[in-house]
Amino acid sequence: MASYDIGGDAGDRATIYADEKYKKGFFVTKRTAVLLTVLAIVVLALVAVLFYFLPVSSTEPGEGTPAPGEDIDPLPQRPTDPPPTEDPRGPFDGRLPDSLVPEHYNIWLKTYLDNEDGPKQFTYEGVSTVELRCEKDTDIIKIHFLSLNIDYQSVQVFHLDEEDRETKHKISIKNIYTEEIYDFLVIEVEDTLRSGEIYSVTIGYDAILNTNPLFGYYLTSYKVGDETRWLSAAVFQPNGARMTFPCLDEPNLKATFDIAMVHRPKRRALANMNEIAFENDGDWNTTHFNRSVLMPTYLVSFSLTDFPSLEMTTPNDVLFRVWAREEDIDAANYSLYIGSAMLTFFEDYYSLPYPMPKMDMIASPEFISGALECWGHILYDENAMLYDPKVHPPTRQKRVAEIVAHELVHMWFGNLVTLDWWDHLWLNEGFATFLPYIAVEKFHPEWKIWDQFLTDDMASAMSADSTSSRSKPLVRTTGWVDEIWSMFDTMSYSKGASVLRSFSTFLRNETISRGILYYLHENVYGNVVTDDLWESLTKADLEDRNTDVKEIMDPWALQSGFPVVTVIRTAADMVEINQTHFLLDPNDEPSDEFPNLGFKWYVPLTYTYKSRDQFYPPLEAMLSPDTDKKQLRLEGTPQDDWVLFNINKQGYFRVNYDTDNWVKLAEQLKTDHKVFPTQTRASILDDCLIISQPGYVDHVYGLRLTEYLYYEEEYAPWQLVLRALPFTHGMLLRTSEFGMFEKYWRSQIVPLYLSVGWNFTNSDLLDYYQRINAIETACRYGNEDCIEVSKSLYRAWMEDPGNDPTPDEVNEIVYCTAIRHGGPAEWQFAYDQSKSSSPGTRTLLENAMGCSRDSWQLQYYLEDYHSDGRSRVAIDNIRDKSSLGYSTAWEFTMTRFEELLNIYGNSSFDIVWDFADLMTTRYDHEKLHMFGTKHRDMPASAASGFYRAVEIVETNIAWMDRNQESIREWLVDVTSNMPDVKAHARATDGVVEHIKTVVSGRRHQSRASLHEFHWAKPENVL
Ligand SMILES: [Zn+2]
């Protein structure tokens, strides 16, 4: 891990002072001598670093590179990396022995949810029997359980007759004990269990329904008027089953399940399988469910609700039902329609029928994540399953479609074919993230969902994977449950999906389809590891190209990160290609937490060039990990052709070119951008803007690519540029170029802004996204019309504080804009409103209060919050809004630092380090240095933050040295003939009145639901 904390006690504090004592030759202890030596090394290293980063001669005083013999102010002691900490639990040794394999479970559960259940309310009683096949002689039985109150008297072991399992002989128990570290109940028997024989273990227990977290067998509720309606449901992945019934809780120990639920007649019991029998004894019903197919424990699920349902039967005869609370059941219509259609679509797509007789999808009022793929009984959070077009924005519809598709993919990838152990979770989640795109494209082609693969999954994966602290291999060793939980991350989902998408760069589509069918069909009801997928694809490719898929894919699955591929034109028809591990921060280093393969990859290259005039199919080549520089001939390419690699960013890597080629690509975009497919345009912009941050190419080449955006109508290129833009914005914020930078973007956004307007109602999805982007950009860079609308909306709110007419989708930028271009009254209104607002609105308003351009207002904000002990809120909100905000916040932080220490303790240092991202000058560097000197006795944890901040500032200075001049020249050039936006027609006549009417109508229907889904992304879909 890159961040660490050595601790803050006196013993750890840096102890080097510019002390008179040793200057005068006083007694120096051995320890002090060592420290002095360390100091000398640190200073020398620092000087070396400063020389490295600050090579430009400068006349500014105090450059931090002292002349020989000059006094150096001591800095905080640089903390050394702590030795890697061993897990105090030791290596995980908690896998079940292979002596006993479960074949079948009988689960009986009686759940108490009501007042009349007295002290038993919110508890349940259970009896679980597991039938085990003995594979090796043993006299020990290990079964998982956690947080269950086991009735030890009830535990019984039997030897069963294999043919007639009702015929059984009791086995005496010698001892029962627990191994809590591994959640084991250990039963020692008198007679050795013999290989080949069948045994059963029956255990009675009771337990409390879980409420925090909502995991295992959990309790939740909803209100109807004043009445609270209680319900319960079970969600187990990865280890919740053992919290609900004693079981052998590992994903490769599949078994069949008979479940019986005892419940009050007013509720309906549902489980994985269909109901086959009911019993009623007056107060209680017992619902018996059909025996399940073979499945792992983590997919078992059941629920007790009083929900109504909607249902239909699919063309393949699957009963498909959706369940939700009565008042919301109409909003389940969409998930019923899209879910049943997609289930049939996937059955055809995989040529494998859905093996369960029915599908129930249940909208839980509270849920631990977006949804969970329990087989035949999928549980959702309401906001992931319910969509009401009268109330919800189109992003909600997309969220429901994507999450429903995700869970349905799991019915095959995960449920029918299950990972052998959690190390290979990406096989579940990668497919369940990737394949929904195919289904969503089929049912909603108007969403252009594949373009959003680049802006959503690919962008999140690459962002995480280019920072060593977040980048991890797809396959990693897991054992402890926290390690297993950590697998549910961006790597398993988004990188997994991106890697699957990259197959098409070196395998034919038919081969991929065939390979995936092999993978599914050959492992039905079985378990898999990553190599099984490679094997299926290799087999599918045998008749075609004979590709060794494992060899190509291992570097992508077994090590973290991805490469940037640099393409240099060495002659008209020749390019030279090499690869480098891409990290966004040039000071970052790959983590040594995981094994690696030298951070080199097999990179499948797809490419074309201008006069070839063809993108599909592209030309292909392979860059192998052991080739330093690959020469590639582009037959008959004229010198003035551009070349283009990684068409549509189908491969999971970034591309860099020689500057000449970047210029040619920019020219092509300006001449006719539609020559490039949308995803290719988006990728060219994204790659150049991102790789120019750590300096693979000058940033101006990325900015030049954006010149054509004035004519860009598609979402993906805009979205990726706007995602990268805050970096450039932050670097230029305090420079004299910023005015031109604002003017440039103010102009570029005009056509888009005018085309999408402000009306969020009845919008289709892409317009909805584009509208948010356009309004945010137009307002941020000072579009007059955007400012006027924002001010009008805000003024309307000021006049009627009970009714804010601003669309929730853009309220953050509207508040900020109204305050930035308003006066004391606007600021004061935000201040007053923030005192009585919900936490969410308060955060928005406090953020907007930092947008003021009045120095005294910002100062007041800082002092007022400081007096309440909340200075950090004000500092954080002011710092990055403007150059004025930055300097006001910095000065305040410096002058009040001792007081900040009193309020925030050692975390006050982080307030200072947070300025580093915006520190871009040598003067900033000097000020940071001076602060470090003044507080050189800061604790080691703060000192490590100091050196990290210094590193950031030095990187920023080097970046500015390299880029500022060329950016300035480009901005002068590009903005000199640019008409300013003030002259443009208004898109928004009458818009404020219109928005007020629409918003108050919508708000009446549902206030909360509009808030949630600006950027629908199933982050937490299990
Ligand atoms: Zn999933």
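Residues numbered from 1 in each chain as written. Predicted model: local features only at pLDDT ≥ 70, side-chain atom pairs only at ≥ 80, totals over all residues. Heavy atoms only, no water.

Draft legend 1. Representation of the overall build of the protein. Broken down by element type, the protein carries 31 helices and 29 strands. Looking at the protein as a whole, 58% of its 1022 residues are labelled buried. Carbon together with sulfur atoms contributes 50% to the accessible area of the protein, which is approximately 40,600 Å² in total. (Helix = DSSP H or I, 4+ residues; strand = E, 2+ residues; numbered from the N terminus. Buried < 20%, exposed > 50% of the residue type's maximum accessible area, 1.4 Å probe, protein only. Areas by Shrake-Rupley, 256 points an atom, 1.4 Å probe, with all protein chains shown as cover.)

Draft legend 2. Representation of the nonpolar core in the model. Ranked by internal contacts, the top residues of the largest apolar core, which has 284 residues, are Trp412 and Phe645. The element that contributes the greatest number of residues to this core is helix H30 (residues 940-976), accounting for 15 residues. Core analysis: the next-biggest nonpolar cluster, separate from the first, contains 14 residues, Leu214, Tyr218, Phe307 and Cys374 among them. (Core = buried A, V, L, I, M, F, W, Y, C linked by side-chain atoms within 4.5 Å.)

Draft legend 3. Main features of the sheet that holds strand E7 (residues 184-193). Pairing is antiparallel across the open sheet formed by three strands, whose spatial order is E3-E7-E6. Either end of the sheet is taken by a strand with one partner, and the two such strands are strand E3 (138-144) and strand E6 (173-179). Mean inter-strand twist for the sheet, computed between neighbouring axes without regard to direction, equals 25°. Summarising the sheet, E6 and E7 pair through six bridges and their orientation is antiparallel. (Pairing = 2+ DSSP bridges. Axes fitted to C-alpha atoms, helices over the stretch in contact; angles between N-to-C directions.)

Draft legend 4. Structural view of the packing of helix H24 (residues 855-867) against helix H26 (residues 883-895). Running from amino to carboxyl end, H24 crosses H26 at an angle of 40°, the nearest separation of the two axes being 10 Å. Classified by the angle between their axes, H24 and H26 sit oblique to one another. Pair H24 / H26 crosses with right-handed handedness. Facing Ser855, Leu858, Gln859, Leu862, Glu863 and His866 of H24, the residues of H26 in contact are Leu884, Gly885, Thr888, Ala889 and Phe892. Among the residues making up the contact of H24 with H26, the classes are represented as five nonpolar, five polar and one charged. (Parallel < 35°, antiparallel > 145°, perpendicular 65-115°, else oblique. Left-handed = near helix turned anticlockwise from the far one by under 90°. Contact = heavy atoms within 4.5 Å. Nonpolar A, V, L, I, M, F, W, Y, C, P; charged D, E, K, R; others polar.)

Draft legend 5. Here's a closer look at the environment of Arg771. Relative to the helices and strands, Arg771 resides in helix H19 (residues 765-780). Measuring from C-alpha to C-alpha, the distance between Arg771 and Tyr715 comes to 10.0 Å, with 56 residues separating the pair along the chain. In contact with Arg771, other than residues within four places in its own chain, are Val756, Gly757, Trp758, Asn759, Phe760 and Ser763.

Draft legend 6. Looking closely at the pairing of strand E14 (residues 285-289). For E14, a buried count of four out of five residues is recorded, marking the element as mostly surrounded by other parts of the structure. Where strand E11 (residues 256-263) and E14 come together, four bridges link them in antiparallel fashion. Across the sheet, Met261 pairs through a bridge with Thr287, a residue of E14. Sheet topology places strand E13 (residues 275-280) next to E14; five bridges connect them, and they run antiparallel. Its bridge partner lying in E14, Glu275 is registered against Phe289.

Draft legend 7. Expanded view of the side chain of Thr433. Note that Thr433 resides in helix H6 (residues 425-443). When neighbours within four sequence positions are excluded, Thr433 is seen to be in contact with His406, Asp457, Tyr493 and Ala497.

Draft legend 8. The arrangement of H6 in detail. Over its 19 residues, H6 extends 28 Å from the first C-alpha to the last, a length consistent with the 27 Å expected when each residue adds 1.5 Å. Counting buried positions along H6 gives 16 out of 19 residues, so the element sits mostly inside the fold. (Expected span 1.5 Å × (residues − 1).)

Draft legend 9. Here's a closer look at unusual backbone geometry. A cis geometry characterises the amide bond from Gln237 onward to Pro238, with omega recorded as 0°. Position of Pro238 among the secondary structure elements: in the loop between strand E10 (227-235) and E11. A cis amide bond links Tyr616 to the next residue, Pro617, at an omega of -10°. Note that Pro617 resides in the loop between strand E25 (603-609) and strand E26 (619-623). At Asp613, a position not held by glycine, the phi torsion is positive, near 55°.

Draft legend 10. Up close: a negative patch on the surface. Among the surface-exposed residues, Glu116, Glu279, Asp281 and Asp283 lie close enough to one another that they form a single negatively charged patch. Relative to the helices and strands, Glu279 resides in strand E13. (Patch = residues over 30% accessible without salt bridge, like charges linked within 9 Å, V, L, I, M, F, W, Y side chains within 5 Å. Salt bridge = Lys/Arg side-chain N within 4 Å of Asp/Glu carboxyl O. Lys, Arg positive; Asp, Glu negative; His and termini not counted. Charge placed at Lys NZ, Arg CZ, Asp CG, Glu CD.)

Draft legend 11. A look at the packing of aromatic side chains. Applying the stated criterion across every chain, the model contains 80 aromatic pairs. Consider the rings of Trp556 and Trp601, whose centres lie 5.9 Å apart with planes at 40°: the pair is tilted. Residue Trp556 is located in helix H12 (residues 549-558), and its partner Trp601 is located in the loop between strand E24 (574-581) and E25; the two are separated by 45 residues in the primary sequence. Through pairs of rings, three or more aromatic residues link up here, namely Phe345, Phe346, Tyr349, Tyr350, Tyr354, Trp412, Phe413, Phe431, Phe443 and Tyr519. The positively charged end of Arg95 is found above the aromatic ring belonging to Trp421, 3.8 Å away from the centroid. (Phe/Tyr/Trp six-rings, centres within 6.5 Å; stacked < 30°, edge-to-face > 60°. Lys NZ or Arg CZ within 6 Å of the ring centre and 35° of its normal.)

These values are about where atoms sit, not about what they do.
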